[in-house]
Amino acid sequence: MVGNSVKLLNCNSLDEISHLLPKEKRVIVIIDSNVKAIYGKYFPFPHIEVNASEKEKSLFVVADIARKLMDLEADRDTFLLAVGGGITTDIAAFTASIYFRGVDFALVPTTLLSQVDAAIGGKNGVNLDGYKNVLGVIRQPSFTLICPQFLKTLPQSDIKGGLAEMLKTLILKDREGYCKAASLLKRGYTLEELSPYISRAAAIKAQIVESDQFENGDRKLLNLGHTFAHAIEKEIGTSHGEAVAIGIILASRLSVKLGILAHQEAVTIEEDFIKIGLETKSPIKPEHLFSSMKRDKKRSGDSISFILIERIGKCTIHPVQIARLEEALYDLS
Ligand code: GLY
């Protein structure tokens, strides 16, 4: 049933998944083809495959999936299950939101980034002419099922991208969780040891979204580091996760510069990120960063809203004057 609640199901074994899926409805699975090759057998239902890439995240693919659903005689009571990374869950959730004016659906994210971020929150959509997420809706899935066992086969570079988003969410709301997660990541870890922090970050995001589904307040906090990250991604096409790690470091330095965060806290975050192996240095010059950020959609008149860190575990939204930002940026990178 569609509603405002953001429901997460955690599961530790792939064999458990089938027990958690709806029994009373006909299920059709929309699955990333790479994921299907390894994990398809855990989803014993008809499959529609998608090739996940930003280029494929388009209305053409949505129409293609809808056609296949019609071929399979999917009706309004059919339950769609999306299995894959953030692109797949976005495409499938959007299709489910408009097929016969909306059918029930659930998401099974298989990357770290999608388990802690992309598959939680209900924003789903597709790109148009190279512009990201221009067409979309906010519609919550019946549940998002998080099973860290999928990460066993995920490349290390993808894990790192997800770690940046995971740590970001802990920095927003959970000082103890952040400190414990950072010390685990610095010393080396197993998936079993990482699992509680994945669940914790996912639960924090779910809680924030539930309290502010349409982003009028607290949900904006989830953009910590993202104004910098989007500028970096746009300028040089860095991966989102890598750009977010750098964005968090720049946001923490800006927070110190504006007298909001103690210098030592920013040093702690930066040293942690370096030891964890996350990127911390901006690959673009301050003047390029500035000219890109000036055009950010969070600009309003003479200022841009930034999420700044007061302390690890507490962040707030601050408008920063453009002139002040330009001056500060030269000291940040
Ligand atoms: N789909 C991600 C979000 O709603 O934030």
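Here is a short report on the structure shown in this document.

## A few points about the site of the ligand
Contacts to the ligand come from D117, A118, I120, G121, G122, K123, K205 and R219. Here an oxygen atom of the ligand and a backbone polar atom of I120 are 3.4 Å apart. Take G121: an N or O atom from its main chain is 3.5 Å from an oxygen atom of the ligand. Taking 200 Å² as the accessible area of the ligand by itself, protein coverage stands at 85%. Of the residues that constitute the shell around the ligand, the class distribution is two nonpolar, two polar and four charged.

## What to know about the packing of helix α10 (residues 240-257) against helix α13 (residues 322-332)
Two packed helices can be described by the angle between their axes and the distance between those axes. Where α10 contacts α13, the axes come no closer than 10 Å and their chain directions differ by 115°. Classified by chirality, the crossing of α13 by α10 is right-handed. Contacts from L250, R253, L254 and K257 of α10 reach α13 at R324, L325, A328, D331 and L332. Looking at the contact of α10 with α13, its residues break down into five nonpolar, no polar and four charged.

## Details of the pattern of salt bridges
Within the structure shown, the criterion is met by 16 salt bridges. With a shortest N-O distance of 2.7 Å, R200 and D174 are connected by a salt bridge. In this pair, R200 is assigned in helix α8 (residues 191-211) and D174 in the loop between α6 (156-173) and α7 (175-187), connecting sequence segments 26 residues apart. Judged by its relative accessible area of 35%, R200 falls in the partly exposed class. One salt bridge in this structure joins E265 and R175, with 2.8 Å as the shortest N-O distance.

## Structural notes on the sheet that holds strand β10 (residues 303-311)
Pairing is antiparallel across the open sheet formed by three strands, whose spatial order is β9-β10-β11. Strands at the two margins of the open sheet, each flanked by one partner only, are β9 (299-300) and β11 (314-321). As paired strands, β9 and β10 are joined by two bridges and run antiparallel to one another. The partner of R299 across the bridge, within β10, is I304.

## Notes on a positive patch on the surface
Residues K234, K294, R295 and R299 make up a contiguous surface patch of positive charge. One can find K234 in helix α9 (residues 226-236). Judged by relative accessible area, which is 57%, K234 ranks as exposed.

Here is what the cut-offs are and how they apply
- Residues numbered from 1 in each chain as written.
- Predicted model: local features only at pLDDT ≥ 70, side-chain atom pairs only at ≥ 80, totals over all residues.
- Heavy atoms only, no water.
- Near = heavy atom within 4 Å.
- Polar contact = N/O pair within 3.5 Å; in protein donor to acceptor, adjacent residues only side chain to side chain.
- Areas by Shrake-Rupley, 256 points an atom, 1.4 Å probe, with all protein chains shown as cover.
- Nonpolar A, V, L, I, M, F, W, Y, C, P; charged D, E, K, R; others polar.
- Axes fitted to C-alpha atoms, helices over the stretch in contact; angles between N-to-C directions.
- Helix = DSSP H or I, 4+ residues; strand = E, 2+ residues; numbered from the N terminus.
- Left-handed = near helix turned anticlockwise from the far one by under 90°.
- Contact = heavy atoms within 4.5 Å.
- Salt bridge = Lys/Arg side-chain N within 4 Å of Asp/Glu carboxyl O.
- Buried < 20%, exposed > 50% of the residue type's maximum accessible area, 1.4 Å probe, protein only.
- Pairing = 2+ DSSP bridges.
- Patch = residues over 30% accessible without salt bridge, like charges linked within 9 Å, V, L, I, M, F, W, Y side chains within 5 Å.
- Lys, Arg positive; Asp, Glu negative; His and termini not counted.
- Charge placed at Lys NZ, Arg CZ, Asp CG, Glu CD.

Any functional reading would require information beyond the geometric quantities listed.
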